[in-house]
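# Inside the fold
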Amino acid sequence: MEQAEVYAALQDIFRDIFDDDDIELEASTSAANIPEWDSFNHVNIIVASEMKFGIKFLAAELDDLKNVGDFVALVQKKQNGG
Amino acid sequence: MIPFDLYWLPENEGFNKDLKAAAQQRGTADEVLTRFRDLATCRLDFLKTAKLDRTFQTIWADMADTDIAARRIRIGILSSCTVDHLIPAIRVGALRRGLVAECYVAPYSMYHQEVIDPSSGLRKFEPDVVLMNLDSQSVLSALPFTSSAQEVEDTISVRVDEIAGLWNVIQNDIGAVVLQQAVLDRSQPLFGNFEARVPASPTRMIQQFNWQLSNRAGEAKALWLDIERWARQVGMKNLSDSRLWHQAKQEISPIQSPLYGDLVARQLAAVRGLSKKCLVLDLDNTVWGGVIGDDGLDGIVLGQGNPLGEAFSAFQDYAKALSRRGIILAVASKNDDAVAKNAFENHPEMTLQLSDIAAFEANWFDKPASLQRIAKDLNIGIDSLVFFDDNPMERALVRETLPEVAVPEVPLAAEDYVACLADAGYFETVGFTSDDTKRTEQYVANRQRNEIQSRAADLDSFLNDLQMELIVGSFDKTNLSRIVQLINKTNQFNLTTRRYTEAEVLDLMKDDTVETFHVRLKDRFGDNGIIAIVIAQHKAEGNDAVLDVDTWLMSCRVLGRKVEEAVLNLLADAASRRGARAIRGHYVPSSRNGMVREHYAKLGFEQVKADAMNETAPTEWELPVAGYEPRFTNLFEKVFTDGTS
């Protein structure tokens, strides 16, 4: 998937989970920007992304993520078999 | 891709749009619940499930005062692991069945205290159902592998006793139904295949624990949620993500929450008597391959010598077995009646026989019309039906015209039919008695009675010819299961829709001031089973005494046979023996019991309380005992089960 597609798909997921159609994702977006992004919703984001992108994250990979930009890069890496 | 989802529910491409529209609409409780039931009845993933739940909660918050007692069910959840992510799905599963589930989640792992402590949150919540979800690590500790089978069994027994002790408190002190979830076996074997030979091995211990616990649940009348079976269906790796266990103590993955919620909701619906009662089958390409009208007896595909034929036979076998456990079978087919019946009578491979089918509609009218006829003939609600038809257009038409009928998405392959029907879980039950096995016989016999009745010259001679015999007794242990079942699932001919647990019924039986009757009706066609249940209490009011009827419910199958009058005779007799001045009756309107609004009026009672402004208010009625003449005594041979007459 192209990076823009990944952002778009992820944005849909965020809008669904947080029930907010106005969410716009940027590389720098993180839990600091979205008040309801707690550990509970964090699990939902991971699980929904795996479902949407057809990938599976390792626990270790998820530890290093600091923002949406990192996450998008990880998704693309896994889609390319990395 | 979700490995296993609610595949028997239809897709709704426009779900997001429909949900947005629903968020803007309001209405009566019935309208809102119907709207959300329809929204929930499609193949939702966990994100859509959560959205649906959120939207409903917002709308329902404005309607919190609405009186919908019968549609509300309170479920307290006691768990040793994280379950918050499953709650929206339970509520959506409940909405799918027209119920509003209110959930209380006990503080993590405090399940013991929540049950025992009289001032706990669980107690204050006053649950109708308590779901207990214990994970394997919290419930069993490891034993040395060299432990004997006896030592293992004894250790397990101690834990089972503890849990059964909690059930006892839940049932008797809290007054709730227990729903015990099987322990999910997340262990990995240490001995490989040899695990089964080592009683103290982890897998073996959990198996034995579930075995003992489920047996105990049978004795204690606790309900069982067989999550282990679903782990097999879905695949353990799909149902339970070990990563999420380590991260958040979630035993069940959020992806599978819609399935879990539906499983729990099925049980809630069963507790409320809302499980489906009748399976309506199409014929062509549903119970045999091909079209009987075109292919004839020789051309349809059924039975031995053909893989597809075997698949249809297996489906017929399953349907027949369903009827053996008390599910009514009916047929709705677009065919010539004689042509369709000919297949049943003359095709050598037909497992299903005409005597298995309680209502047979083969005609050229539309299927919704046939379904309505079936419901009317069988005297059951249209919402008791499941409609199984291979044709997507027929399914769509029924869904649109009769949304209360359950219409599963039938798989393309006939070999998948049985699994689809089983997975959809329409027929969950909270009990099983021998009356259930005789249900088909009873409905077929009823069909015969109705046929005779329509030909009878007048009602009186028909009733006399029936040679009816009433067997009456107070509630007893032998009939207790069936009595409790009827109290909890009768909706239409039910004057007050009061539900009682078995423990509560036992208390009533011990109460000297309470008269209880169960009435069995036999006639020349057979045994109708228990067809009336009455609970009445002698109440002193100053110098006066009345016999107050708390519960009066009857089977719709025996309407118009003067059984109502016969029951009234029983009440009048009981009332006069204790010197009561009058019999007092109550009618509490529900969405299902409109048919008995004038029940007491028809019996000659006078209305003593009514709210002219409010049609949904309960009404009160009285009939004086002095001067009461027993009615229609010539029609019934009466026998009392305790030997008196």
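Structure: above.
In what follows, the accompanying structure is described. These numbers were taken from a predicted model, which means no experiment stands behind them.

Okay, the side chain of B:R123 next. Residue and element names in this part refer to chain B. Here R123 is to be found in helix α6 (residues 121-125). One buried charged residue, R123, remains without a salt bridge, the closest side chain of opposite sign being D173 at 4.1 Å. A distance of 2.8 Å separates the side chain of R123 from the backbone oxygen of V115, its partner in a polar contact. Contact partners of R123, with chain neighbours within four places excluded, come to E114, V115, I116, D117, P118, V169, D173 and I174.

Moving on: the interface of chain A and chain B. Tallying the contact residues gives 17 residues for chain A and 17 residues for chain B. Carbon and sulfur atoms supply 62% of the area that chain A and chain B bury against each other, a total of about 1,500 Å² over both sides. If you sort the residues of chain A by the area they bury against chain B, A:D16, A:V43 and A:M51 come out on top, with a joint share of 40%. The tally of links from chain A across to chain B stands at 5 salt bridges. B:K20 serves as the salt-bridge partner of A:D21, at 3.3 Å between the closest nitrogen and oxygen. At the boundary of chain A and chain B, one finds 8 residue pairs in polar contact (both at pLDDT 80 or more). The dominant element in the side of chain A that touches chain B, judged by the number of residues it contributes, is helix α2 (residues 39-53) of chain A, at 9 residues. Residue classes in the side of chain A that touches chain B are distributed as 10 nonpolar, 2 polar and 5 charged.

This part is about the side chain of B:Q181. Its location among the elements puts B:Q181 in strand β4 (residues 177-181). With sequence-adjacent residues up to four places away left out, B:Q181 is seen in contact with B:L131, B:M132, B:N133, B:L225, B:I227, B:E251, B:I252 and B:Y260.

Adjacent strands of a sheet form backbone hydrogen bonds with each other and so pair up, either parallel or antiparallel. Residue and element names in this part refer to chain B. An order of β2-β1-β3-β4-β5 is seen for the 5 strands of this open sheet, with the pairing classed as parallel. Of all strands in the sheet, those bounded by a partner on one side alone are β2 (100-105) and β5 (223-225). Neighbour to neighbour, the strand axes of the sheet diverge by 25 degrees on average, direction disregarded. The pairing of strand β3 (residues 129-133) with β4 spans 4 bridges and is classified as parallel. In the sheet register, M132 faces β4, and the bridge partner there is Q180.

All names here are of chain B. Summed over all chains, the structure comprises 21 aromatic pairs over all chains. Look at F4 and Y7: their rings are 5.8 Å apart centre to centre, the planes differ by 90 degrees, and that puts the pair in the edge-to-face class. Overall, the relative accessible area of 11% leaves F4 in the buried class. Take Y7: its relative accessible area is 23%, and that puts it in the partly exposed class. Each residue in the set F4, Y7, W8 and W230 is aromatic and connected to the rest through ring pairs, giving one cluster. Above the plane of the ring of F125 lies R74, whose end atom (NZ or CZ) is 4.4 Å from the centre.

Our next topic: the sheet that holds strand β8 (residues 357-363) of chain B. Residue and element names in this part refer to chain B. With parallel pairing, 4 strands are arranged side by side in an open sheet as β8-β7-β6-β9. Strand pairing shows two members of the sheet lacking a second neighbour, β8 and β9 (385-388), which therefore form its edges. Going across the sheet, the axis of each strand differs from the next one's by a mean of 20 degrees, ignoring polarity. In the sheet, strand β6 (residues 278-281) pairs with strand β7 (residues 328-334) via 4 bridges, with the strands oriented parallel.

Where a protein is soluble and globular, its nonpolar side chains tend to be buried together. All names here are of chain B. By size, the foremost hydrophobic cluster in this structure holds 69 residues, and its most contacted members are W8, Y260, V264, L268, L279, W288 and F344. Of all the elements, helix α13 (residues 257-271) adds the most residues to this core, at 6 residues. Setting aside residues no more than four positions away along its own chain, F344 makes contact with L283, W288, V331, M350, L352, Q353, L354, I357 and F360. Within the second largest apolar cluster, 44 residues are counted, among which are L470, V534, A572 and F605.

The rules behind these values
- Residues numbered from 1 in each chain as written.
- Chains lettered and ligands numbered in written order.
- Predicted model: local features only at pLDDT ≥ 70, side-chain atom pairs only at ≥ 80, totals over all residues.
- Heavy atoms only, no water.
- Helix = DSSP H or I, 4+ residues; strand = E, 2+ residues; numbered from the N terminus.
- Buried < 20%, exposed > 50% of the residue type's maximum accessible area, 1.4 Å probe, protein only.
- Lys, Arg positive; Asp, Glu negative; His and termini not counted.
- Salt bridge = Lys/Arg side-chain N within 4 Å of Asp/Glu carboxyl O.
- Polar contact = N/O pair within 3.5 Å; in protein donor to acceptor, adjacent residues only side chain to side chain.
- Contact = heavy atoms within 4.5 Å.
- Buried area = accessible area lost by both parts, 1.4 Å probe.
- Nonpolar A, V, L, I, M, F, W, Y, C, P; charged D, E, K, R; others polar.
- Pairing = 2+ DSSP bridges.
- Axes fitted to C-alpha atoms, helices over the stretch in contact; angles between N-to-C directions.
- Phe/Tyr/Trp six-rings, centres within 6.5 Å; stacked < 30°, edge-to-face > 60°.
- Lys NZ or Arg CZ within 6 Å of the ring centre and 35° of its normal.
- Core = buried A, V, L, I, M, F, W, Y, C linked by side-chain atoms within 4.5 Å.

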